[in-house]
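Reading the structure
Here is how the chains run, residue by residue.
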There are 6 protein chains.
Amino acid sequence: MKVDADDFFFSGLNKPGNTNNKVGSNVTTVNVNQIGGLNTLGISLVRIDYAPYGQNPPHTHPRATEILTVIEGTLHVGFVTSNPENRLIFKVLNAGDVFVFPVGLIHFQFNPGHENAVAIAALSSQNPGVITIANAVFGSNPKIDGGILAKAFQVDKKVIDDLQSQFWMDNNN
Amino acid sequence: MKVDADDFFFSGLNKPGNTNNKVGSNVTTVNVNQIGGLNTLGISLVRIDYAPYGQNPPHTHPRATEILTVIEGTLHVGFVTSNPENRLIFKVLNAGDVFVFPVGLIHFQFNPGHENAVAIAALSSQNPGVITIANAVFGSNPKIDGGILAKAFQVDKKVIDDLQSQFWMDNNN
Amino acid sequence: MKVDADDFFFSGLNKPGNTNNKVGSNVTTVNVNQIGGLNTLGISLVRIDYAPYGQNPPHTHPRATEILTVIEGTLHVGFVTSNPENRLIFKVLNAGDVFVFPVGLIHFQFNPGHENAVAIAALSSQNPGVITIANAVFGSNPKIDGGILAKAFQVDKKVIDDLQSQFWMDNNN
Amino acid sequence: MKVDADDFFFSGLNKPGNTNNKVGSNVTTVNVNQIGGLNTLGISLVRIDYAPYGQNPPHTHPRATEILTVIEGTLHVGFVTSNPENRLIFKVLNAGDVFVFPVGLIHFQFNPGHENAVAIAALSSQNPGVITIANAVFGSNPKIDGGILAKAFQVDKKVIDDLQSQFWMDNNN
Amino acid sequence: MKVDADDFFFSGLNKPGNTNNKVGSNVTTVNVNQIGGLNTLGISLVRIDYAPYGQNPPHTHPRATEILTVIEGTLHVGFVTSNPENRLIFKVLNAGDVFVFPVGLIHFQFNPGHENAVAIAALSSQNPGVITIANAVFGSNPKIDGGILAKAFQVDKKVIDDLQSQFWMDNNN
Amino acid sequence: MKVDADDFFFSGLNKPGNTNNKVGSNVTTVNVNQIGGLNTLGISLVRIDYAPYGQNPPHTHPRATEILTVIEGTLHVGFVTSNPENRLIFKVLNAGDVFVFPVGLIHFQFNPGHENAVAIAALSSQNPGVITIANAVFGSNPKIDGGILAKAFQVDKKVIDDLQSQFWMDNNN
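As the structure is a computational prediction, the values presented were derived from the model and not from experiment.

Attention now goes to the overall build of chain A. Looking only at helices and strands, chain A features 3 helices and 11 strands. Listing every helix and strand of chain A by position from the N terminus yields β-β-β-β-β-β-β-β-β-β-β-α-α-α. Radius of gyration (C-alpha) of chain A: 17 Å, near the 16 Å computed for a compact globule of 173 residues. Considered along the principal axes of its C-alpha atoms, chain A spans approximately 55 × 40 × 35 Å. For chain A, with 173 residues in total, the buried portion stands at 68%. Once local pairs closer than 6 in sequence are excluded, the contacts in chain A between residues at least 24 apart make up 73%. Just so you have it, chain A exposes about 6,100 Å², and 51% of that area is on carbon and sulfur atoms. Between the centroid of the 11 positive side chains of chain A and the centroid of its 14 negative side chains there is a distance of 5 Å.

Below you can see the structure in the form of structure tokens.
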């Protein structure tokens with residue numbers, strides 16, 4: 001089957017995603033699901049929109065490192081190193097700043113300003129995967145046993161019940 | 001420098017780890033830090049001890065898949081798939097059962113019985129890394145901004161303050 | 001040696017590169033030479049500026065696939081498949097369009113408009129390398145034997161002499 | 001096709017393998033053939049049972065490094081480095097000891113005691129392969145030319161004939 | 001489906017290729033297209049014949065490093081390093097000499113003698129690909145816009161027109 | 001440190017190796033130890049000389065697939081698949097024939113003719129390693145326990161004693 005230019009093409013990364021949700025952000029993904037020609041090539045792209053005070057909440061990519069650049073606005077970004085240090089490496093980024101989130105580490109971006117922010121980020125996999133920590137831990141289907149989570153997070157089970165009763169939306173398209 | 005047998009050797013995986021901690025479990029690791037000869041060879045081993053009702057709390061390995069077998073006792077185990085499904089894949093395991101936790105996914109083991117449990121697990125990296133979700137999110141040093149986490153987990157900031165004020169211990173040796 | 005946030009950070013990708021050169025373009029690179037924390041992580045970023053009618057001339061990346069998105073302006077882009085087909089896969093891109101250039105293939109971008117154009121591109125290596133075809137073939141140091149090139153390109157050696165007597169500038173910073 | 005927990009599960013690694021054979025050992029394998037979910041994940045597990053004075057005879061894994069831990073009993077283990085050194089790296093292991101056999105090297109385990117021994121080992125491939133040296137060299141189907149082997153092992157062809165006339169059983173399930 | 005010896009076999013690499021063409025050389029390839037058993041094994045072989053004063057013109061392999069040895073005759077060989085150096089690394093080779101062309105770099109071989117030359121080369125991919133620079137740049141189908149190439153090579157568009165009007169033959173079988 | 005052409009060069013692969021030894025063959029290796037520029041590039045080359053009735057005895061490469069072509073003479077070649085099949089895949093090769101030995105499998109070449117034979121082979125690693133089965137099993141230093149080998153090969157220990165008392169020479173340079 002002959003490939004053509006459309007197998008290497010995607011359109012619309014200039015369009016702001018809808019940030020009208022609980023976390024105030026939206027991720028538009030361009031990976032092998034959108035561009036078939038990326039198969040085996042080990043890279044993909046996303047656009048992230050942030051409403052004022054919006055965030056891309058703590059998450060990991062199980063199969064990719066991310067390199068992000070701010071197109072407009074300001075972002076407070078960080079990642080946490082693995083055990084036993086759990087060190088928070090963080091920075092405030094403005095337009096033109098670039099930051100790296102190493103493979104598999106928990107990271108986040110937050111828009112501290114009262115204007116929208118936009119970032120473009122690349123990932124070192126054609127299918128990097130996204131695990132939003134809150135959604136995976138408290139919003140899985142079926143639920144993780146509440147008693148297990150109460151002990152894991154050292155809180156009353158009632159707190160876990162509240163967390164698990166929420167509607168967990170995914171800000172990735 | 002000439003290698004010898006001790007460069008490929010470690011002793012003590014038959015000794016129970018100390019589970020007298022908040023999560024009631026202990027992980028003894030045998031990776032490239034314990035066995036220098038594992039360098040570049042892409043594999044390592046752990047022993048995990050679980051007190052009754054103890055757990056190896058939700059965590060990820062940023063650079064490895066894990067395959068675990070129960071040596072004694074019973075374990076309730078699970079992992080959560082990535083967005084948008086966040087499906088919990090779980091199973092109750094007894095001695096001789098084997099389960100796989102794919103690279104980068106959040107997973108846990110819980111000992112539902114009133115006896116100790118023991119597992120041996122292998123990881124597909126000489127240096128897999130461990131990220132205990134609670135420790136990385138709520139116990140990082142310095143702390144992640146509480147307002148960011150309150151929005152990420154959709155809870156009152158007071159809940160986050162409580163979580164962040166805890167002492168987060170790492171059950172990995 | 002302890003890493004900190006600056007090991008994962010670069011600043012200035014919002015600044016237009018100087019396109020006042022023969023090809024009318026400029027590439028600002030952000031790879032492991034600018035961000036040490038990218039080491040072993042397999043990804044990097046560039047910003048490309050194009051003057052009106054400027055181009056990023058035919059080149060290859062010996063160790064990376066590229067995924068590019070247009071930030072402003074219009075770009076005529078293409079790559080050529082390998083022997084025996086040598087098929088040109090091309091497309092006109094506008095802001096928000098994304099295109100993939102597979103590893104090692106000769107590709108180019110041209111700004112057909114009378115306004116500046118800007119693109120951000122990611123590469124699947126922390127050190128992708130760039131080989132500008134004209135520079136490598138006609139501007140190497142020392143020169144490739146003119147007789148060899150005359151036969152390779154099936155032209156009079158005088159044409160090769162002219163090509164080799166030029167000053168070949170590199171549009172990558 | 002939707003995966004479920006059984007795609008990541010295997011049962012029975014607590015059951016001793018039948019060591020009633022010429023080498024007095026038995027390998028129970030848990031790789032991608034037993035657990036489909038291991039596909040592309042690069043790891044697998046085995047249980048090895050040893051009768052008193054039984055052995056897992058000299059063999060290689062063409063695609064994996066092995067890390068082994070003794071569950072019960074005593075094992076004399078070793079591997080031989082490649083040409084020109086052919087150095088034997090060996091050790092006596094007891095319960096809780098761990099040893100590494102690097103990818104592709106010839107290695108063996110021998111139970112010197114009068115009790116059974118049991119080991120669990122992990123391999124850095126979902127399909128590591130096993131080549132038992134005696135079986136491959138003297139028990140192939142069809143046979144390798146006896147004259148070639150007589151010269152390779154510098155013995156009388158009659159010795160090779162005897163070796164090739166044996167029934168070579170595979171101790172891997 | 002059972003493999004047999006023919007899945008790992010190819011015949012005819014002793015036969016000179018037909019060098020009666022514009023560049024005076026011929027490449028006989030033995031990769032996964034000729035030997036199905038090479039699939040996933042990451043290696044292939046070629047034989048290259050050179051008429052007197054013939055050449056294997058400047059080309060790259062997008063997915064492989066090449067190691068070449070001269071079987072008969074003399075070869076002038078070289079490769080050019082990437083930007084910004086574009087350094088020509090070259091050598092005159094005689095029978096028994098070996099030379100390496102690193103992955104993705106532009107390289108060539110030229111027979112400066114009045115006798116035939118023959119080389120055997122190996123490539124680090126079962127499907128390395130070949131991009132003959134002249135063919136890809138000036139002989140693509142469809143053509144790259146002549147104005148773009150005129151600026152890229154800093155020559156009059158008439159020169160490009162001449163180059164593009166040629167018949168570009170591929171010396172690879 | 002600046003590389004130059006000699007970092008990619010080796011001389012002498014046209015010189016016959018000395019086959020005046022017990023197996024009647026000689027392997028001249030050109031890997032990263034001879035050509036520093038091969039580092040990380042994943043490929044190497046050998047020349048193999050065979051006296052009449054000489055052989056390259058059963059051996060494996062722990063880290064590489066091999067592709068071989070006969071330059072002169074005739075070779076009987078084969079490899080044995082892994083457990084449980086242990087199938088011998090074999091072929092008689094003449095000049096110009098090509099054969100593949102997959103990574104880690106035991107293989108050999110034998111010269112059945114009364115003339116010398118010569119082969120060139122490539123390996124998919126810059127440092128493939130060679131394990132001559134007889135040398136590693138019976139000629140290791142120190143020796144593998146004779147009782148272990150007697151049981152592994154199901155022969156009288158006296159046969160093993162004889163085998164171990166030989167001088168095992170390595171035909172690789």
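Structure's up, so let's keep going.
A word on the nonpolar core. General note: in soluble globular proteins, nonpolar side chains tend to be found buried as a group. Judged by nonpolar contacts, the single largest core of 338 residues is most densely connected at Phe153 of chain A, Phe153 of chain B, Phe153 of chain C, Phe153 of chain D, Phe153 of chain E together with Phe153 of chain F. Setting aside its immediate chain neighbours within four residues, Phe153 of chain F contacts Ile133, Ala134, Phe138, Leu163, Gln166 and Trp168 of chain D together with Val137 and Phe138 of chain F.

Summarizing the sequence annotation, UniProt attributes the feature "domain: Cupin type-1" (unreviewed entry) to residues 11-161 of chain A in the numbering used throughout. With 12% helix and 38% strand, the stretch residues 11-161 of chain A has end C-alpha atoms that lie 42 Å from each other.

So, about the interface of chain B and chain D. Facing 43 residues of chain B, the contacting portion of chain D comprises 43 residues. For the pair chain B and chain D, the summed buried area comes to about 3,400 Å², and 72% of that belongs to carbon and sulfur atoms. Three residues, Phe8, Ile43 and Val98 of chain B, lead the burial of chain B against chain D; their summed loss comes to 16% of the area buried on that side. At the junction of chain B with chain D, the criterion picks out 4 salt bridges. With a shortest N-O distance of 3.8 Å, Glu85 of chain D and Lys2 of chain B are connected by a salt bridge. For the side of chain B that touches chain D, the elements supplying multiple residues, two or more each, are strand 1 (9-10), strand 3 (44-50), strand 5 (66-72), strand 7 (88-94), strand 8 (98-101) and strand 10 (117-123) of chain B. Within the side of chain B that touches chain D, the residues separate by chemical class into 27 nonpolar, 9 polar and 7 charged.

The interface is formed by 52 residues belonging to chain A together with 52 residues belonging to chain B. For chain A, the biggest contributors to the area lost against chain B are Asn83, Ile148 and Gln154 of chain A; these three give 14% of the whole. Linking chain A with chain B are 0 salt bridges. Here chain A and chain B share 18 residue pairs in polar contact (both at pLDDT 80 or more) between them. Contributions of two or more residues to the side of chain A that touches chain B are made by strand 4 (55-60), strand 6 (74-80), strand 7 (88-94), strand 9 (106-110), strand 11 (131-132), helix 1 (133-138), helix 2 (146-152) and helix 3 (157-165) of chain A. Broken down by element, the residue count for the side of chain A that touches chain B peaks at 6 residues, all from helix 1 of chain A. Considering only residue class, the side of chain A that touches chain B consists of 31 nonpolar, 16 polar and 5 charged.

When chain B is brought onto chain D, the operation consists of a screw motion whose angular component is 180 degrees and whose axial shift is 0.0 Å, with 0.0 Å RMSD remaining. Taken together, these values place the two copies in the relation of a two-fold axis. Both copies present the same face, since 100% of the interface residues in chain B are matched by interface residues at the equivalent positions in chain D.

Our focus in this paragraph is the packing of aromatic side chains. Within this structure, the stated rule accounts for 30 aromatic pairs over all chains. With a centroid separation of 6.2 Å and 45 degrees between ring planes, the pair formed by Phe79 of chain F and Phe99 of chain F is classed as tilted. Of this pair, Phe79 of chain F sits in strand 6 (residues 74-80) while Phe99 of chain F sits in strand 8 (residues 98-101), and the two are 20 residues apart along the sequence. Its relative accessible area of 0% is what places Phe99 of chain F among the buried residues. By the ring-pair criterion, three or more aromatic residues cluster together here, those being Phe8 of chain A together with Phe79, Phe99 and Phe101 of chain C. The ring of Phe9 of chain D has Lys91 of chain B sitting right over it, with the charged end atom 4.4 Å from the ring centre.

The next thing to look at is the relation of the copies chain A and chain B. Between the two copies of this chain, the relationship is a rotation about some axis together with a displacement along it. Rotating chain A by 180 degrees and translating it 0.0 Å along the rotation axis places it on chain B, where the RMSD comes to 0.0 Å. Comparing contact sets, 100% of the residues at the interface of chain A also lie at the interface in chain B, consistent with an isologous, same-surface contact.

Before going further, it helps to spend a moment on the sheet that holds strand 6 (residues 74-80) of chain B. Remark on secondary structure: sheet strands pair via backbone hydrogen bonds, oriented parallel or antiparallel. All names here are of chain B. On the basis of which strands lie adjacent, the open sheet formed by 5 strands has the order 7-6-9-4-11 and antiparallel pairing. Looking at strand neighbours, the two that pair on one side only are strand 7 and strand 11 (131-132), the edges of this open sheet. Alignment of strand 6 against strand 9 (residues 106-110), held across 5 bridges, turns out to be antiparallel. Residue pairing in the sheet places Val77 in a bridge with Gln109 of strand 9.

Right, let's talk about unusual backbone geometry for a bit. The omega angle of the peptide bond from Asn83 of chain D to Pro84 of chain D is 0 degrees, so this bond is cis rather than trans. On the secondary structure map, Pro84 of chain D appears in the loop between strand 6 (74-80) and strand 7 (88-94). Positive phi values are uncommon outside glycine, yet Tyr53 of chain C reaches one of about 65 degrees. Relative to the elements of secondary structure, Tyr53 of chain C occurs in the loop between strand 3 (44-50) and strand 4 (55-60).

We now examine the sheet that holds strand 4 (residues 55-60) of chain F. Residues and elements named next belong to chain F. Strand order in this open sheet of 5 strands is 7-6-9-4-11, and the pairing throughout is antiparallel. Looking at strand neighbours, the two that pair on one side only are strand 7 (88-94) and strand 11 (131-132), the edges of this open sheet. Both strand 6 and strand 7 contribute to a ladder of 7 bridges, which runs antiparallel. Among the inter-strand pairings, Val77 is bridged to a residue of strand 7, identified as Lys91.

For the rest of this paragraph, the subject is the UniProt feature "binding site: oxalate" (unreviewed entry) in chain A. Residue and element names in this part refer to chain A. With numbering matched to this structure, UniProt assigns "binding site: oxalate" (unreviewed entry) to Asn56, His61 and Glu66. Locating Asn56 in the fold gives a position in strand 4. Non-local contacts of Asn56, meaning those with residues more than four positions away in its chain, are made with Ser25, Val27, Ile48, Tyr50, Phe108, Gln109 and Asn171. With respect to the secondary-structure elements, His61 resides in the loop between strand 4 and strand 5 (66-72). Those residues in contact with His61 that lie beyond four places of it in its chain are Glu66, Val103, Gly104, His107, Leu123, Pro128, Gly129 and Val130.

Another aspect to go through is the environment of Val32 of chain D. Residues and elements named next belong to chain D. In this fold, Val32 is placed in the loop between strand 2 (25-30) and strand 3 (44-50). In sequence terms Val32 and Asp7 are 25 residues apart; their C-alpha atoms lie 10.0 Å from each other. Discounting residues that sit within four places of it in the chain, Val32 has contacts with Leu38, Asn39, Gln126 and Asn127.

Before going further, it helps to spend a moment on the pairing of strand 3 (residues 44-50) of chain E. All names here are of chain E. The element strand 3 is extensively covered by neighbouring structure, given that 7 of its 7 residues are classed as buried. Of the pairings in the sheet, the one linking strand 3 to strand 10 (residues 117-123) comprises 7 bridges and is antiparallel in character. Counterpart to Leu45 in the pairing with strand 10 is Ala122.

Time to look at the pattern of salt bridges. Under the counting rule described, the total for this entry stands at 30 salt bridges over all chains. Asp161 of chain C serves as the salt-bridge partner of Lys157 of chain C, at 3.1 Å between the closest nitrogen and oxygen. Highlighted residues: Lys157 of chain C and Asp161 of chain C, both in helix 3 (residues 157-165), separated by 4 residues, approximately one helical turn. Linking Asp6 of chain F and Lys91 of chain E is a salt bridge whose minimum nitrogen-to-oxygen distance equals 2.5 Å. Taken together, the residues span two chains, with Asp6 of chain F in the segment before strand 1 (9-10) and Lys91 of chain E in strand 7 (residues 88-94). By relative accessible area, Asp6 of chain F is classed as partly exposed at 46%.

This brings us to helix 3 (residues 157-165) of chain F. Counting along an α-helix, one turn takes 3.6 residues, and residues three or four places apart therefore face a common direction. Residues and elements named next belong to chain F. The complete set of buried residues in helix 3 reads Ile160, Leu163 and Gln164. One side of helix 3 carries all its buried residues, which in axial view fall inside an arc of 95 degrees. Within helix 3, the exposed residues directed more than 90 degrees away from the buried face are Lys158 and Ser165. Close packing links the buried residues of helix 3 with helix 1 (133-138) and helix 2 (146-152). Near the N-terminus of helix 3, the side chain that reaches the backbone nitrogen of Lys158, with its oxygen 2.9 Å away, is that of Asp156.

This part covers the environment of Pro84 of chain A. For Pro84 of chain A, a relative accessible area of 64% translates into the label exposed. Taking the C-alpha atoms as reference points, Pro84 of chain A and Thr74 of chain A, separated by 10 residues in sequence, lie 31 Å from one another.

Let us now look at the side chain of Glu66 of chain C. Residue and element names in this part refer to chain C. Its location among the elements puts Glu66 in strand 5 (residues 66-72). Arg47 provides the closest opposite charge to the buried, unpaired Glu66, separated from it by 13 Å. With residues up to four places along the chain from it excluded, the contact list for Glu66 reads Ile48, His59, His61, Phe99, Val100, Phe101, His107, Gln109, Ala121, Ala122 and Leu123.

Thresholds, definitions, all that
Residues numbered from 1 in each chain as written. Chains lettered and ligands numbered in written order. Predicted model: local features only at pLDDT ≥ 70, side-chain atom pairs only at ≥ 80, totals over all residues. Heavy atoms only, no water. Helix = DSSP H or I, 4+ residues; strand = E, 2+ residues; numbered from the N terminus. Rg over C-alpha atoms; globule rule 2.2 N^0.38 Å. Buried < 20%, exposed > 50% of the residue type's maximum accessible area, 1.4 Å probe, protein only. Contact = heavy atoms within 4.5 Å. Areas by Shrake-Rupley, 256 points an atom, 1.4 Å probe, with all protein chains shown as cover. Lys, Arg positive; Asp, Glu negative; His and termini not counted. Charge placed at Lys NZ, Arg CZ, Asp CG, Glu CD. Core = buried A, V, L, I, M, F, W, Y, C linked by side-chain atoms within 4.5 Å. UniProt positions renumbered as here; feature names shortened; annotations may be inferred. Buried area = accessible area lost by both parts, 1.4 Å probe. Salt bridge = Lys/Arg side-chain N within 4 Å of Asp/Glu carboxyl O. Nonpolar A, V, L, I, M, F, W, Y, C, P; charged D, E, K, R; others polar. Polar contact = N/O pair within 3.5 Å; in protein donor to acceptor, adjacent residues only side chain to side chain. Least-squares fit on C-alpha atoms with pLDDT ≥ 70 in both. Phe/Tyr/Trp six-rings, centres within 6.5 Å; stacked < 30°, edge-to-face > 60°. Lys NZ or Arg CZ within 6 Å of the ring centre and 35° of its normal. Pairing = 2+ DSSP bridges. Arc of directions from axis to C-beta.

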